[in-house]
Amino acid sequence: MATKTVKAQSRYNRTQFIYCLFLLVFGVIGAVQVTLNGTGTESGSRRGLKGLISGALRDLEGNGHEDLVQWIVVGIFVLVVILSIVRGIRFFRYAAPARTPLGASILSQAAPGADLWELCAQIDRDMDLGAKTFAEVSISSRWIMDATAMRLDRIAKIDRDEDDACITLTDTDGYQICLDLLTEEDRTAALRYLRGVLPPDVPIN
């Protein structure tokens, strides 16, 4: 379970990074083409939003604002380039398994130099022994996990936010994870189960 989730999160970030690279190339080529060859808004009739925008640009060109139209289109491509760079950097940073939400949360509670995949295997074995599941949240004898994870013996307090359906777990080092349980039934059941497996001195607010 943990192994599969870490790999899925890493694969998603790598895929999104590649997508951002394609957008980056598209934006650069588009900006260069428009700068060198103009906008080409006079060619073809189009429908929908694309046609509406193209028609507005043609009207501007027809009124003698060719340079303005060219800079507008170049600006759009530059915006695509900037957004693809910003998002690409973000996805690249979290593409490594150890930097994914689940991988980072597991390693943050382990000894320095611990092997992530061995820790994931331990969590998987623990979950296979009889984890309780509440929507996307799984609770085993040692761990609680959804998109991130926390060891049960490190939980210092639990806070329930009635407004956004989030149960916040805080560990002994102040690290926090949020469990998103959309239904009141799941939230109540998860809290009841945690109350039964955690020491009585762990506050649930």
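Residues numbered from 1 in each chain as written. Predicted model: local features only at pLDDT ≥ 70, side-chain atom pairs only at ≥ 80, totals over all residues. Heavy atoms only, no water.

### Let's talk about the nonpolar core
Let me state the cut-off plainly: Remark: nonpolar core denotes a set of buried residues (Ala, Val, Leu, Ile, Met, Phe, Trp, Tyr, Cys) joined through side-chain atoms within 4.5 Å. A 1.4 Å probe rolled over the protein chains alone gives each residue an accessible area, and that area as a share of the maximum for its type sets the label: buried under 20%, exposed over 50%, partly exposed in between. Every helix listed is a DSSP run of H or I at least four residues long, and every strand listed is a run of E at least two residues long, numbered separately from the N terminus. Two residues qualify as a contact provided that any one of their heavy atoms is within 4.5 Å of a heavy atom in the partner residue.
Ile144, Ile155, Ile158 and Leu169 are the most contacted members of the largest nonpolar core, which has 18 residues in total. When residues of this core are traced back to their parent elements, those giving at least two are β2 (137–139), β5 (155–161), β6 (166–171), β7 (176–180) and α6 (184–197). A per-element tally of this core places α6 first, with 3 residues. Not counting residues up to four positions away in its chain, the partners in contact with Leu169 are Ile144, Met150, Ile155, Lys157, Ile158, Tyr175, Gln176, Ile177 and Leu179. In this structure, Leu119, Cys120, Met127 and Ala149 belong to the second largest nonpolar core, which totals 12 residues.

### Structural notes on the packing of aromatic side chains
Put simply, the test is: Between rings of Phe, Tyr and Trp, where Trp is taken as its six-membered ring, a pair exists when centres lie within 6.5 Å; planes separated by under 30 degrees are stacked, by over 60 edge-to-face, and by other angles tilted. Put simply, a charge is over a ring when the Lys NZ or the Arg CZ is close to the ring centre, within 6 Å, and near the line of the ring normal, within 35 degrees.
All told, the structure shown has 4 aromatic pairs when counted by the stated rule. Considering the side-chain rings of Phe17 and Phe92, the 5.2 Å spacing of their centres and the 45° angle between planes classify their relative orientation as tilted. Placement of the pair is Phe17 in helix α1 (residues 2–37) and Phe92 in helix α3 (residues 66–93), with a sequence separation of 75 residues. Judged by relative accessible area, which is 23%, Phe17 ranks as partly exposed. Ring geometry for Phe26 versus Phe77: centroids 5.5 Å apart, planes at 65°, classification edge-to-face. With Phe26 in helix α1 and Phe77 in helix α3, this residue pair connects regions lying 51 residues apart in the sequence. On the basis of relative accessibility, which here comes to 16%, the residue Phe77 falls in the buried class. In this structure, Arg90 is placed above the aromatic ring of Phe91, and the distance from its NZ or CZ to the ring centre is 5.1 Å.

Take it as geometry only, folks, not as evidence of what the structure does.
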